[in-house]
Structure formats: structure tokens, C-alpha cells
Amino acid sequence: MKEKMQNIIKKFLTKEVIMYVIFGVLTTLVNLIISFALVGAFKIDGSIASAIGIVTSILFAYFTNRKWVFNTTAKGFLENFKEFWKFIAGRLVTMAIEQGGVMILYGHFGMAFTPVKLSLTIIVIILNYIFSKFFAFKTDKKEVEESDKPVKVVSKFNFLEYMKTNKINIYIFLGMLIFAFIVCSNFLKEHYTNDSYYVSAYGYDYYVRHFLLSNRMFSALFLLIFKWLDIPFYKEITIMAVILTFIMVLAWFILYKFVIKLMKKEKSIIYNILIGLASFLVVFNMCTAEGLLYVEVGTMPFGILFAILGACILATDRKFKYVISLILVTMSGLFYQATSAMFVLLALVLIAIKHKGNIKAIIKDTIFIAVIYGIAMIVNFIGVKIWAKILGDEFRKFEMPSIVAILATILKFGETILIDNVGIGPKYFYLALIAILTVIFIIGIILRKKDYFMILEYVTLIILSIIIPIIPILATPATQYIEPRMAMCFGSIIGILIIFLLAVVEIDRNKYLLIAVATITIFNFIINSVFLITASSATLVTNRLDHFIVKDIIQEIEKYETTSGKTIKNVGVAFDKKYTMYYEGEPALRCYNVRSMGTSWAVKEIISTFTGRTFKNTNVPQDVKEKFLQNDWDRYNKEQLVFEEENLYICIY
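Residues numbered from 1 in each chain as written. Predicted model: local features only at pLDDT ≥ 70, side-chain atom pairs only at ≥ 80, totals over all residues. Heavy atoms only, no water.

S.K.: Break down the overall build of the protein chain for me, citing the residues and quoting the values.
M.R.: Across its full length, the protein chain carries 26 helices and four strands. The proportion of buried residues among the 653 residues of the protein chain is 52%. Put simply, 77% of the contacts in the protein chain that link residues at least 6 apart link residues at least 24 apart. Accessible surface, the protein chain as shown: approximately 30500 Å² in total, 67% of it carbon and sulfur. (Helix = DSSP H or I, 4+ residues; strand = E, 2+ residues; numbered from the N terminus. Buried < 20%, exposed > 50% of the residue type's maximum accessible area, 1.4 Å probe, protein only. Contact = heavy atoms within 4.5 Å. Areas by Shrake-Rupley, 256 points an atom, 1.4 Å probe, with all protein chains shown as cover.)

Below you can see the structure in the form of C-alpha cells.
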């Protein structure tokens, strides 16, 4: 018995564990000392103090763990950078658990700060060891097991040597970065959309609550950070736009490099160009670009990045790849749920490339893809329910629809997605592109002697790109609507199909097919780039027009208050005969340029933003409604304003 106990102790009480415990204690002390010092000495709120303590301890833990605990064997900038983001990813998960626990137990339920902080810290220590050992650090197994042997010395990073050996990749990434910042330059300027005025009018807390009720915990955390740093909302938009553009470029570069390596086409210039352009179409398209637009999806690019990483990891031979992929996809959903849908399509294409011809292996990984996505969705569903109970507000009401309702919803929104391009641009545009690519696919299949399994793969990609965005709508029949950001996997389908044709169907066997795909790829690359410029420019133009109108309305309010001696406290909104979403001459680009002064639930908020005053909603009297309905305005007119006592009634035209 004694010998067994000694063996158990010897097995688990290794040098690595001992060192982890030592530095874990030091890390914990850093966390606790800073947290308690801020709460006790500086009287800072416990939730804010906890966040500062966590961030500081994470940086301390990274530098100590990589060198003295796990003895990383990573060499060069690239490997060290990979370890760093993996370490940070793992800590983001545990940070969300710890900070969320403090916010709920201490902030919401009023439990004592000290026991809450200590209990959560113990849980996080265990989770951090698991993440660091099996996910983050690259270690020499023999070195870890044989703790009595001297630690392997890792050579110092030589920046000049790294630049020399990786200069092509560096140039490619910098080229991508410069190009993205050029076409997205207008997104980097101060801009507003309908939802933005809620934050501007009511402060960060309004949308923090909104994000939590949607289980977008990381998005809520970002807003809280800006709130704690006391950064104004209009500056937050610009700061996040810069960060998120970089994140999208990083996702673009990772997808491009992974596909090229998986295809074993690193030396092919034509394939590098085409896969690079196709990867751009996956990451930067009419749907995903909303990630750079406004606060509701202000952290969406992080979700896209994690979805792409999850798909790439699953298509490797890495140990624990399914677990790692599940963690990444789940984290993707915690930024924005719709981003995790991109994982499904990308993972299907990547395993098709990896296991080309091995139907059994493809089916096996396809099952894992479904399981991973399903678990991520279940976690999200449970999270929504938990936050609804904690905050006492059921923002999303889930119901089980009837078969008839399901079919009707699929037909309705299937048409919106496939025919109307989710309300952006000319009808049938995406459908026409899919049809052209399908013709090329059919010819390619015929040349491959009718590979029927590839037909199944191709059709599945198209069907899923339409069906997956509709699934959440089916579960929330009370609030059925769809916006481009909700259909990101459809927005990325053209780029995904191009990758499938190049990597799986291998249409390069026929030079004419290759030329056709190259032409479509370049054409779409140009179209998507122009769209980014057009959409961001249209946003700025709409902002200016909204602001001109609201400033004139404010002048009328001030004039009325001065002459009548009354103060406007309530705002009501009604419509004229023919309501339009866009200003005259502006393209139809949905959320990018829908008029805020033409959106019933944003009018009061935009007035609040520019006056600094809070107004209440009020119903418009029937006689005033009828008066408005007799008109069909195509531009702002002062007749659209009716003042009555403490009420202002505004007509949306």
C-alpha cells in the first residue's frame, strides 16, 4: 500500500507540477495582492479590481510558465508567437470564468468578495494547468518526464535571422495588412449606426446587459474594459475598428497559409495567388464586414478568427485536436454566435482536402464537426438561459415550431438569403455566381470520371450555407428577422467553393477550367474590395445626413421650448404613406446605411445623443398619425414635426 502511494506521488508530483505549483502560487499572489490592494487601499470596485489583477497575473504567468515550468522548446518568433496566443486564448477562457463568477456572485448576488475570489481562483489554477500543458506550450516529452536531466537551453531569438528566413511570409502579411487598411479605411473613422446611438445615449451598461443576455461574454467584457478606462464611445469605435481589421487580416493570412500547406502547393505562384484571394473572400465579404461596423458586432472578427483556427486545428494530426477545436469554436460563439457557423463549412472543406479519396475518414471527421458545432450551440443556449435567469430578463425566447412553421420559415428566409443576398446589392448576384461555379464543378467532375461523393460534398456545402443561418430563426419565432451578419457562412460560400474546386476537385487538370475559376476569383476579389469601400463610405454619408436632420430637429425643440415655456420630455414616432429605409440616391446596403433618423427605435436615441438629454417613448395620437399618412415625403420637412405640450411627434418618411 505504501509502495503504491509512493508510485502515485512520484507519478503526479513531478518537477513540472512542483514548479507549476510554485509559480502558480506566485501568480495567484500577484492576482490577489493587486485585487485586494485596489479594493482595500484605493477603494476601487471589486469587479474592476479583479479584472486588473487577472490581466497582470496572466502576463506574469506567461513569462514564468514558458521558461521555468513547461520548458518550452519553441524556437523563433513564429513559434513563440503561436504559443503566446494559445496561452492567452486559454487564459481568456479562465478569465471569463473567474471574472464572470465575480460579477455574478459578488456584483449581482452580493456575496462577500474574499470567499468568492478565493474559490474561483482555485478552480482557475487547475484549468490553467490543463490549458498550458496540453494546448499552449511546445515541450520535449522526454525532458518533462526525466526531471533529473538538465533543462534544454533554447537559443535566443534572432530577429534578423527570422526576417531573412521568413521574409516572403512577412511581405505577404504586410501586403495583406496594408491592402485591408486601405479598403477598410472609412471603417476606421468615427461612424455610427442605429444601435450605436443606444450606447451613445445610455452608456456602455445598456449593451453590456444586451451582450450578456445573448451570452456574448467576451463582447461584454470588451465594453466593460472601455467603460472602466473611461474611453468615450466614439473613440471606442475607432480603436476597435483598427484592432478588428488587424484580426481579420490575421484570420485571412492563417487560412491562406494553412490551405496552401494542406494542398502542398507552397511553391506554386498561381495557387498562392488564387488561394490567397479566395481566403480573402471567406474573411472579407458583405456579411462579415459588419464586424467593423458598430458595437453590436464590434468583436465579431475575433469570433471569425477562432472559427477559422478551430477548422484548421481539426484538419491536423495534432493530439487532442477535437477538444482544442471544440474549445475554439465555443469561444467563437462567446464573441458572436453566427461566427461559429463558418467553422462548419471551412472544416468540411479542409477535411475533404486532407482525406481526399478516403471517404471513411471524411465521414468520421464530418461526424465530429457536427458534434463540435452542436455542443458549442448547446453551451450557447445554456448560457443564454443562465444569463436570462441571473438578469431577470428573457431577451431571446426559444420555442419549438411546428413542421409547417419550419418549412414556411425555410422558404421565406431561404429566398432572402439565396435570392436577395440578405438585402444587399442586386438580386440573384450570389445565386448567379454559385450557378457558374457549379457548371465548372460539373465539368470538373466529368473529367474526374464522375466522383459522386464529391458531388455530395459540394451540394452539402451550398445547402448548409443557406440552412445554418436559418436554424436560430426557427428557434425564436417571436423575433424572426435576418441581417447580413447572421448569414456569414453564406457570405463566405463563394470563397469556400473556390477553395473546394482548386483543392479537392483539382480543376487545374484542365487549363480552361483553371482560367475560368481564376477569372471568377479575381472578379469577386475586386467586387468585395469595392463593396468594403462603398459600404463604409455609404455609412459615413448616411451619418452626415442623419446628423444634419437631427440638428435641425434640436433647433426646433429649443425654439418650441423657448416660446412655449414647456420642456419636451417624450418622443413619439409614426410613418408617412411610403416609408423608405435609405436616403435618396443611396445604395441599398442594409445595416451599413439604413437611416437612423428613419428607424423608429433609434430616433429618440439619436436626439438624446446630440442633446445629452433622456426622453421617454410615447404613443402618437390617431389624428396625428392620419395626418402623417396623407403625405409621401422623400426628404426632411419641418411639417414632419408636431409639438404638443411635453410631447414631440416625428414622422418617418
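What follows picks up the thread again.
S.K.: Give me the lowdown on unusual backbone geometry, citing residues and values where you can.
M.R.: Despite not being glycine, N215 shows a phi value in the positive range, around 60°. One non-glycine residue, F320, adopts positive backbone phi at about 60°.

S.K.: Account for the sheet that holds strand β2 (residues 616-617), naming residues and giving values.
M.R.: Strand order in the open sheet formed by four strands is β2-β1-β4-β3, and the pairing between neighbours is mixed. At either margin of the open sheet sits one strand with a lone partner, and together these are β2 and β3 (641-644). Pairing geometry for β3 and strand β4 (residues 647-652), over four bridges, is antiparallel. Across the sheet, the residue bridging to L641 is I650, located in β4. Across the face of the sheet, helix α24 (residues 511-564) comes into contact with β3 and β4 while running at roughly 25° to β3. The strands touched by helix α25 (residues 603-611) within the sheet are β1 (570-575), β2 and β4, with β4 carrying the most contacts at an inclination of about 120°. (Pairing = 2+ DSSP bridges. Axes fitted to C-alpha atoms, helices over the stretch in contact; angles between N-to-C directions.)

S.K.: Mind laying out the side chain of T288, listing which residues take part and the relevant values?
M.R.: Mapped onto the elements of the fold, T288 is located in the loop between α13 (269-283) and α14 (300-314). Classification of T288 as buried rests on a relative accessible area of 0%. Polar contacts involving the side chain of T288 include one to the main-chain carbonyl oxygen of V283, which spans 2.5 Å. Here the side chain of T288 touches N285 through a polar contact of 2.9 Å, landing on its backbone nitrogen. In contact with T288, not counting residues within four places along its chain, are M248, V282, V283, M300, I304, M342 and M488. (Polar contact = N/O pair within 3.5 Å; in protein donor to acceptor, adjacent residues only side chain to side chain.)

S.K.: Kindly report on the packing of helix α20 (residues 452-467) against helix α23 (residues 493-505), identifying the contributing residues and their values.
M.R.: Relative orientation of the contacting elements α20 and α23 amounts to 170°, with a least axis distance of 11 Å. Compared by their axis directions, α20 and α23 come out roughly antiparallel. In contact with M454, E457, Y458, L461, I462 and S465 of α20, α23 contributes I493, I496, L497, F500, V504 and V505. Of the residues assigned to the contact of α20 with α23, the class counts are 10 nonpolar, one polar and one charged. (Parallel < 35°, antiparallel > 145°, perpendicular 65-115°, else oblique. Nonpolar A, V, L, I, M, F, W, Y, C, P; charged D, E, K, R; others polar.)

S.K.: Hey, could you go over the pattern of salt bridges for me, with residue numbers and the actual values?
M.R.: A full pass over the atoms with the stated rule returns 17 salt bridges. Measuring nitrogen to oxygen at the nearest pair gives 2.8 Å for the salt bridge that ties K354 to D317. Pair noted here: K354 is in helix α16 (residues 341-354) and D317 is in the loop between α14 and α15 (321-335), with a separation of 37 residues, a long-range link. The exposure class assigned to K354 is partly exposed, which follows from its relative accessible area of 23%. Here D317 falls in the exposed class, since its relative accessible area comes to 70%. Across the salt bridge formed by K356 and E506, the nearest N and O atoms sit 2.7 Å from each other. Here E506 lies in the loop between α23 and α24 and K356 lies in the loop between α16 and α17 (359-391), a separation of 150 residues in the sequence. Looking at K356, the relative accessible area reads 33%, which means it is partly exposed. On the basis of relative accessible area, E506 is assigned to the partly exposed category, the value being 21%. Sharing partners across several salt bridges, the network here consists of K356, E506 and R509. (Salt bridge = Lys/Arg side-chain N within 4 Å of Asp/Glu carboxyl O.)

S.K.: So what about the environment of N570? Which residues, and what values?
M.R.: Turning to its location among the elements, N570 is positioned in strand β1. Polar contacts involving the side chain of N570 include one to the side chain of N647, which spans 2.8 Å.

S.K.: Which residues make up the environment of I353, and what values go with them?
M.R.: Its place among the elements puts I353 in helix α16. It is 7.9 Å that separates the C-alpha atoms of I353 and F500, two residues lying 147 residues apart in sequence. Those residues in contact with I353 that lie beyond four places of it in its chain are V259, L262, M263, I499, A503 and V504.

S.K.: How would you explain helix α11 (residues 217-228) if you had to name every residue and give the values?
M.R.: Its 12 residues give α11 an end-to-end C-alpha distance of 16 Å, which sits within 8% of 16 Å, the value for a rise of 1.5 Å per residue. Residues of α11 that are buried: F218, S219, A220, L221, L223, L224 and F226. With its phi angle positive at about 60°, D230 sits one or two positions after the end of α11. (Expected span 1.5 Å × (residues − 1).)

S.K.: Please provide a residue-by-residue account of the packing of α24 against α25, values included.
M.R.: Axis angle and axis distance: for two packed helices, these are the angle between their axes and the distance between the axes, and together they describe the pair. Interhelical geometry of α24 versus α25 gives an angle of 75° and a closest axis separation of 10 Å. On the basis of the axis angle, α24 is roughly perpendicular to α25. Contacts between α24 and α25 involve D546, H547, V550, K551, I553, I554 and I557 from the former and I606, I607, F610 and T611 from the latter.

S.K.: Outline α17, listing residues and values.
M.R.: Here α17 spans 48 Å end to end across 33 residues, near enough to the 48 Å set by a 1.5 Å rise per residue. Backbone geometry just after α17 places G392 at a positive phi near 65°.

S.K.: Tell me what's going on with a nonpolar patch on the surface, and back it up with residues and numbers.
M.R.: Side chains of I18, V21, I22, V25, L26, L29 and I33 sit close together on the surface and give an oily, nonpolar patch of about 570 Å² of accessible area. By the secondary structure assignment, V21 is in helix α2 (residues 15-40). (Patch = residues over 30% accessible without salt bridge, like charges linked within 9 Å, V, L, I, M, F, W, Y side chains within 5 Å.)

S.K.: So what's going on with the packing of aromatic side chains? Which residues, and what values?
M.R.: Scanning all chains against the criterion turns up 32 aromatic pairs. Considering the side-chain rings of F280 and F525, the 4.8 Å spacing of their centres and the 65° angle between planes classify their relative orientation as edge-to-face. Placement of the pair is F280 in helix α13 and F525 in helix α24, with a sequence separation of 245 residues. The same class applies to F280 as to F525, namely buried. Each residue in the set Y198, Y202, Y206, Y207, F211 and W601 is aromatic and connected to the rest through ring pairs, giving one cluster. When the ring centre of Y271 is taken as origin, the NZ or CZ atom of K265, which lies over that ring, is 4.8 Å away. Looking at R595, its charged tip hangs above the ring of Y653, at a distance of 4.3 Å from the centre. (Phe/Tyr/Trp six-rings, centres within 6.5 Å; stacked < 30°, edge-to-face > 60°. Lys NZ or Arg CZ within 6 Å of the ring centre and 35° of its normal.)

S.K.: Requested: an account of the environment of F628, with residues and values cited.
M.R.: One can find F628 in helix α26 (residues 622-629). On the basis of relative accessible area, F628 is assigned to the buried category, the value being 0%. Along the primary structure F628 and L641 are separated by 13 residues, whereas in three dimensions their C-alpha atoms are 9.6 Å apart. Look past the residues within four positions of F628 in its chain and what remains in contact with it is A574, F575, D576, K577, W633, E639, Q640, V642, Y649, I650 and C651.

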